[in-house]
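The residues making up each chain are set out below.
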Amino acid sequence: MISFLSAYRALDDSRHRAEFYRMWRAGQSAGLTIPHALEVMGPRESPPSEAARRWLLDGTTKGRGVADLVRAGGARFEQFERSLLTLGEETGSLDDALRLLADFYTKKHTLMLWVQKQMAYPFFTTLMACFIAPLQLLFFGSARAYVLAAGSGVCALFVAGGALVNAAARYYGNKPPLARARFARGLATAIQAGLPLARSVRLAADASSNDAIRAYVGAYSERTLGERPVAESLAQCPHMSPDLLAVIETAERTGDFSVLSRFADLYEDGFR
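All residue numbers refer to position in the chain's written sequence, counted from 1. Only residues with pLDDT of at least 70 get local features here, since the model is predicted, and only at 80 or more are side-chain atom pairs given and counted; chain-wide, interface and lining totals rely on the full set of residues. As a rule here, side-chain values come from all non-hydrogen atoms in the structure, and water together with hydrogens is ignored.

Visitor: An account of the overall build of the protein chain is needed here, citing residue identities and associated values.
Guide: Secondary structure follows DSSP: runs of H or I at least 4 residues long count as helices, runs of E at least 2 residues long count as strands, and numbering of each begins at the N terminus. Helix and strand content of the protein chain: 17 helices and zero strands. Looking at the protein chain residue by residue over its 272 residues, the buried ones come to 45%. Throughout, a contact is declared for two residues whenever any of their heavy atoms are within 4.5 Å. Sequence-distant contacts, at least 24 apart, represent 59% of the contacts inside the protein chain between residues at least 6 apart. Residue burial considers only the protein chains on display, and all accessible areas are found by Shrake-Rupley using a 1.4 Å probe. Working note: accessible area of the protein chain is about 13,500 Å², and carbon and sulfur atoms make up 60% of it. A simple rule labels every residue: compare its accessible area, found with a 1.4 Å probe on the protein chains alone, to the largest value its type can have, and call it buried under 20%, exposed over 50%, or partly exposed in between.

Now the structure itself:
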């Protein structure tokens, strides 16, 4: 059972993840070894980010490579992280991979701030209902019963409200404009990192956190995704708007996929 506060704090993990990669990159830029850079940054406030740091620190101290560690890291790393970190180490561009991951999670946190803002009103309404619903007990002179009922409702909300937070986060986070923003940014980040086209599209679908987009992309083979234009493959994809498809087509023709990141900014700023 996940408490309300634990689930709500978990929504901030993107911010901590971005900070983790930014500090790791700063250490490497200063000439530190990977184990030293991970050790100098100190424990992370977020348990998932700290678990990732500890795993990498212990493994690299023993001489294991980053690619090997992230592949064996299980739930400590998202597939998006595994692909970029593996590519970064294997091609000698780990610094660029860390920069792209820091930027990606910073923007992801911006989206989660919007989600948290949307969740504020439903939570406040539910909290008030805990006090308003049993008011009839107070009217009939049962003050003790009212305090017990209201207190139980508030306790239940905070102790077992994690499921409600996660459900609300999925509801608001899966709205088409936000799914498109995550997909566009994920695609731009993966391609700029140098990943193959088919792999980039799959990672972008995972980054969208939208089940419909994942299922649609998952139905295509690697060969089909790699050989066909991305805009053509995504023509019937759920939540893909004509304007986003046009931007993807333009990016493919010009080779400048950074335009997708700018387009994602528009969605995050309220463009629909």
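Visitor: Break down the environment of Tyr216 for me, citing the residues and quoting the values.
Guide: Assignment of secondary structure puts Tyr216 in helix H13 (residues 211-218). In this structure Tyr216 comes out as buried when scored by relative accessible area, which is 17%. Along the backbone, Tyr216 and Ser233 are 17 residues apart, and their C-alpha atoms lie at a distance of 9.7 Å. In this view, Tyr216 contacts Ser233, Leu234, Ala235, Gln236, Cys237 and Pro238; residues no more than four positions away in its chain are not counted.

Visitor: Explain the environment of Met128 to me, using residue names and the numbers behind them.
Guide: With respect to the helices and strands, the residue Met128 is situated in helix H7 (residues 94-132). Remark: the alpha-carbon pair of Met128 and Gly153, spanning 25 residues in sequence, is separated by 10.0 Å.

Visitor: I'd like to hear about helix H6 (residues 79-90), residue by residue, with values.
Guide: Counted at 1.5 Å a residue, the expected span for H6 with its 12 residues is 16 Å, and the 16 Å between its end C-alpha atoms agrees. Counting buried positions over the 12 residues of H6 gives nine, a clear majority of the element. Of the surrounding secondary structure, the elements contacted by the buried residues of H6 are helix H2 (13-29), helix H5 (66-71), H7, helix H11 (176-192) and helix H12 (197-207). Taken from the residues just after H6, Gly92 is the one with a positive phi, measuring 75°. Expected helix span is computed as 1.5 Å times (number of residues minus one).

Visitor: Could you give me a rundown of the side chain of Arg82, with the residues and numbers involved?
Guide: Tracing the backbone through its elements, the reader meets Arg82 in helix H6. Neither His nor the chain ends is counted toward charge; the positive residues are Lys and Arg and the negative residues Asp and Glu. Put simply, a salt bridge is a Lys or Arg side-chain nitrogen that is within 4 Å of an Asp or Glu carboxyl oxygen. Buried Arg82, no salt bridge; nearest opposite-charge side chain is Glu81, N-O distance 7.3 Å. Any N or O atom pair separated by 3.5 Å or less is treated as a polar contact, with the protein-specific requirement of one donor-capable and one acceptor-capable atom, and with residues adjacent in sequence counted only for side-chain atom pairs. Within the structure, the side chain of Arg82 is placed 3.1 Å from the backbone oxygen of Phe77, a separation counted as a polar contact. Dropping the residues within four chain positions of it, Arg82 is found in contact with Val70, Arg71, Gly74, Ala75 and Phe77.

Visitor: An account of the pattern of salt bridges is needed here, citing residue identities and associated values.
Guide: One pass over the structure, following the stated rule, counts 13 salt bridges. A salt bridge links Asp95 to Arg25; the nearest nitrogen and oxygen atoms lie 3.2 Å apart. A residue pair is termed long-range when its members are at least 10 positions apart, and Asp95 in helix H7 and Arg25 in helix H2 qualify at 70 residues. Owing to a relative accessible area of 28%, Arg25 belongs among the partly exposed residues under this scheme. The network of salt bridges with shared partners includes Asp206, Asp211 and Arg214.

Visitor: Residues and numbers for unusual backbone geometry, please.
Guide: Despite not being glycine, His239 shows a phi value in the positive range, around 75°. Within the fold, His239 resides in the loop between helix H15 (230-233) and helix H16 (242-254). We classify His239 as partly exposed; its relative accessible area is 30%.

Visitor: Provide a residue-level description of the packing of aromatic side chains, including the pertinent values.
Guide: Classification of ring pairs rests on two measures: the distance between centres of Phe, Tyr or Trp rings, Trp counted by its six-membered ring, which must be within 6.5 Å, and the angle between planes, read as stacked under 30 degrees, edge-to-face over 60 and tilted in between. Taken as a whole, this structure holds seven aromatic pairs when the rule is applied. Ring geometry for Tyr21 versus Trp24: centroids 6.1 Å apart, planes at 20°, classification stacked. Here Tyr21 and its partner Trp24 are both found in helix H2, three residues apart, which amounts to about one turn of the helix. The pair Tyr21 / Trp24 is uniform in exposure class, with both members buried. An aromatic cluster is built from Phe20, Tyr21, Trp24, Phe80, Phe104 and Tyr105, whose rings are joined through pairwise contacts.

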